[in-house]
Amino acid sequence: MTKPASTASLQDLIVYNDEVRAALDAGKPVVALESTIITHGMPFPRNVETARQVEADIRAEGAVPATIALMDGKIMVGLSDADLDRLAQAEDVMKCSRADLTFALATGRYGATTVAATMMAAHAAGLKVFATGGIGGVHKGAELSFDISADLDELGRTPVCVVSAGAKALLDIPKTLEVLETRGVPVIAYGTKELPAFWSRSSGLEAPYSLNSAKEIGALLKMRERFADHGGVLVANPVPETDEIPRAEMTGYIDEAIRMAEAQNIKGKEVTPVVLGAILDLTNGRSLETNIALVRNNARLAARIAATLV
Ligand code: PSU
Ligand code: MN
């Protein structure tokens, strides 16, 4: 047996695109982006349009985007236009969390990375800040199903700052917060005392911590780095007011979408994509517009946080 790989020895598995390579060499800020939101979170062609828009938003803030996916046995860090198109339209892309990442690499299959797998890849690639929509968490009814996203364990172990709009509101948010606390993950609401709930600015829950600037978040990340084996940090950034769907309205759609998924006996990794799809239909596409707005908002904040670390 070979010795277990340290992060450094994974370099032969990583393919940086020219833009990301140049940024890392020059010490410019880089923001990691996931790809499951493209393949399993949004319909074509809005998925690829959004992916490009989010990359442009990061560049407009003076940082460089690194969209992460698995292709031909390699971890792609920064995708070409052609790669992005291929990913957005391919039908057989695996949704890869921690359990799936090495399987996709070893078999050479296409893999879209979730928050968990993107954190692993970002860390291996030397990236510290990652923007997404909403993290996975403890599903409603998890006391029976045991469905708890691997995103939470990853946040507990991998030192990457994840900028989100909170946990997706289809989850059990109080239980998700409890698990994050147990795993030692600081949860920071940005510019508000309340934890945002993805499509809605309000969750009715106070956030564990609140900070009001990218600089303060950067200072927290630098402090975490001084402690060995510290894990990630979760930033919860509320969707802009003009784009939100208020909580009172969202609750009905979420409950109905979960009922639909249960009636179809959807389980495991299918749950999140199926419920998101049902919510898209129930809101006549409005949830997608909100999702796009919040991802863009998170990307801009992530770029500003990354800029404080270089
Ligand atoms: N955020 C979105 N849309 C998504 C996801 C997040 O706006 O599709 C994805 C992320 O990749 C997250 C995953 O890691 O859903 C969670 O899936 P699960 O609950 O199966 O762990
Ligand atoms: Mn799950």
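Residues numbered from 1 in each chain as written. Chains lettered and ligands numbered in written order. Predicted model: local features only at pLDDT ≥ 70, side-chain atom pairs only at ≥ 80, totals over all residues. Heavy atoms only, no water.

*Asks:* Can you break down the pairing of strand β9 (residues 187-190) residue by residue, with the values?
*Replies:* Residues V187 and A189 point to one face of β9 and I188 and Y190 to the other, with burial holding for every one of them. For β9 and strand β11 (residues 233-236), the ladder comprises 3 bridges, and the chain directions are parallel. Of the residues in β11, the one forming a bridge with A189 is A236. For β9 and strand β10 (residues 209-211), the ladder comprises 3 bridges, and the chain directions are parallel. Bridging across to β10, I188 finds its partner in Y209. (Buried < 20%, exposed > 50% of the residue type's maximum accessible area, 1.4 Å probe, protein only. Helix = DSSP H or I, 4+ residues; strand = E, 2+ residues; numbered from the N terminus. Pairing = 2+ DSSP bridges.)

*Asks:* Lay out the packing of aromatic side chains with the relevant residues and their values.
*Replies:* What the rule picks out here adds up to 1 aromatic pair. When the ring of F198 is compared with that of W199, the centres are 4.6 Å apart and the planes differ by 90°; the resulting orientation is edge-to-face. The same class applies to F198 and to W199, which are both buried. One Lys or Arg, R21, reaches over the ring of Y16 and ends 4.6 Å from the middle of that ring. (Phe/Tyr/Trp six-rings, centres within 6.5 Å; stacked < 30°, edge-to-face > 60°. Lys NZ or Arg CZ within 6 Å of the ring centre and 35° of its normal.)

*Asks:* Summarise the site of ligand 1; cite the residues concerned and give the values.
*Replies:* Residues in contact with ligand 1 amount to 18 residues; listed here are only the nearest, E34, K95, S149, D151 and K168. K95 has a polar side-chain atom sitting 2.7 Å from an oxygen atom of ligand 1. A distance of 2.7 Å separates an oxygen atom of ligand 1 from a polar side-chain atom of S149. Relative to its unbound accessible area of 480 Å², ligand 1 is 95% covered by the protein chains. Elements with a minimum of two residues in the shell around ligand 1: α2 (36-41) and α12 (271-282). Among the elements that line the shell around ligand 1, the one with the most residues is α2, at 3 residues. The class makeup of the residues in the shell around ligand 1 is 4 nonpolar, 10 polar and 4 charged. When residues of the shell around ligand 1 are sorted by domain, at least three fall in each of domain 1 (8-127) and domain 2 (129-310). (Near = heavy atom within 4 Å. Polar contact = N/O pair within 3.5 Å; in protein donor to acceptor, adjacent residues only side chain to side chain. Areas by Shrake-Rupley, 256 points an atom, 1.4 Å probe, with all protein chains shown as cover. Nonpolar A, V, L, I, M, F, W, Y, C, P; charged D, E, K, R; others polar. Domains from an automatic or database assignment.)

*Asks:* I'd like a description of helix α11 (residues 247-263), backed by residues and values.
*Replies:* Over its 17 residues, α11 runs 24 Å from end to end, which matches the ideal 24 Å to within 8%, given 1.5 Å per residue. Restricting attention to buried positions, one finds in α11 the residues M250, I254, A257, I258 and A261. Seen from one end, α11 has its buried residues packed into an arc of 100°, which puts them on one side. Among the exposed residues of α11, those oriented more than 90 degrees off its buried face are A248, R259 and A263. Backbone geometry just downstream of α11 places N265 in the positive-phi region, at approximately 60°. (Expected span 1.5 Å × (residues − 1). Arc of directions from axis to C-beta.)

*Asks:* Quick one: what's the story with the packing of α11 against α12, residue by residue and with numbers?
*Replies:* In contact at an axis separation of 9 Å, α11 and α12 are set at 130° when each is read in the N-to-C sense. As judged from the angle between their axes, α11 and α12 are oblique. The two elements α11 and α12 cross, and the hand of that crossing is right-handed. Listed contacts from α12 to M250, Y253, I254, E256, A257, I258, M260 and A261 of α11 are V274, V275, A278, I279 and L282. Tallied by class, the residues present in the contact of α11 with α12 amount to 12 nonpolar, no polar and 1 charged. (Axes fitted to C-alpha atoms, helices over the stretch in contact; angles between N-to-C directions. Parallel < 35°, antiparallel > 145°, perpendicular 65-115°, else oblique. Left-handed = near helix turned anticlockwise from the far one by under 90°. Contact = heavy atoms within 4.5 Å.)

*Asks:* For the nonpolar core, give the residues involved together with the corresponding values.
*Replies:* Considering soluble globular proteins, one finds that nonpolar side chains tend to be buried as a cluster. Membership of the largest hydrophobic core comes to 106 residues, with the highest contact counts inside it found for V77, I135, L170, W199, V235 and I305. For this core, the element with the highest residue contribution is helix α13 (residues 286-307), accounting for 10 residues. When residues of this core are assigned to domains, at least three fall in each of domain 1 (8-127) and domain 2 (129-310). When near neighbours in sequence (up to four residues on either side) are disregarded, W199 contacts A169, L170, V239, E244, I245, M250, I254, L276, I279, S287, T290 and L294. (Core = buried A, V, L, I, M, F, W, Y, C linked by side-chain atoms within 4.5 Å.)

*Asks:* Can you explain the side chain of T36? Please cite residues and give values.
*Replies:* Relative to the helices and strands, T36 is located in helix α2. For T36, a relative accessible area of 9% translates into the label buried. Here T36 is in contact with G41, K95, A112, T113 and T114, once residues within four sequence places are set aside.

*Asks:* Lay out the pattern of salt bridges with the relevant residues and their values.
*Replies:* This structure, assessed with the given rule, holds 18 salt bridges. For R286, the salt bridge goes to E249, with nearest N and O atoms at 2.7 Å. Highlighted residues: R286 in helix α13 and E249 in helix α11, separated in sequence by 37 residues. Judged by its relative accessible area of 30%, E249 is partly exposed. A network of salt bridges, in which partner residues are shared, links E19, E55 and R59. (Salt bridge = Lys/Arg side-chain N within 4 Å of Asp/Glu carboxyl O.)

*Asks:* Explain helix α3 (residues 46-60) to me, and be specific about the residues and the numbers.
*Replies:* The α-helix advances 3.6 residues per turn, and as a result positions three or four apart in sequence lie on the same side. Spanning 15 residues, α3 covers 20 Å between terminal C-alpha atoms, matching the ideal 21 Å at 1.5 Å per step. Listing the buried residues of α3 in full gives N47, V48, T50, A51, V54, E55, D57 and I58. Trailing α3 by a residue or two, G62 shows a phi angle of about 90°, which is positive.

Geometric values such as these leave the question of function open.
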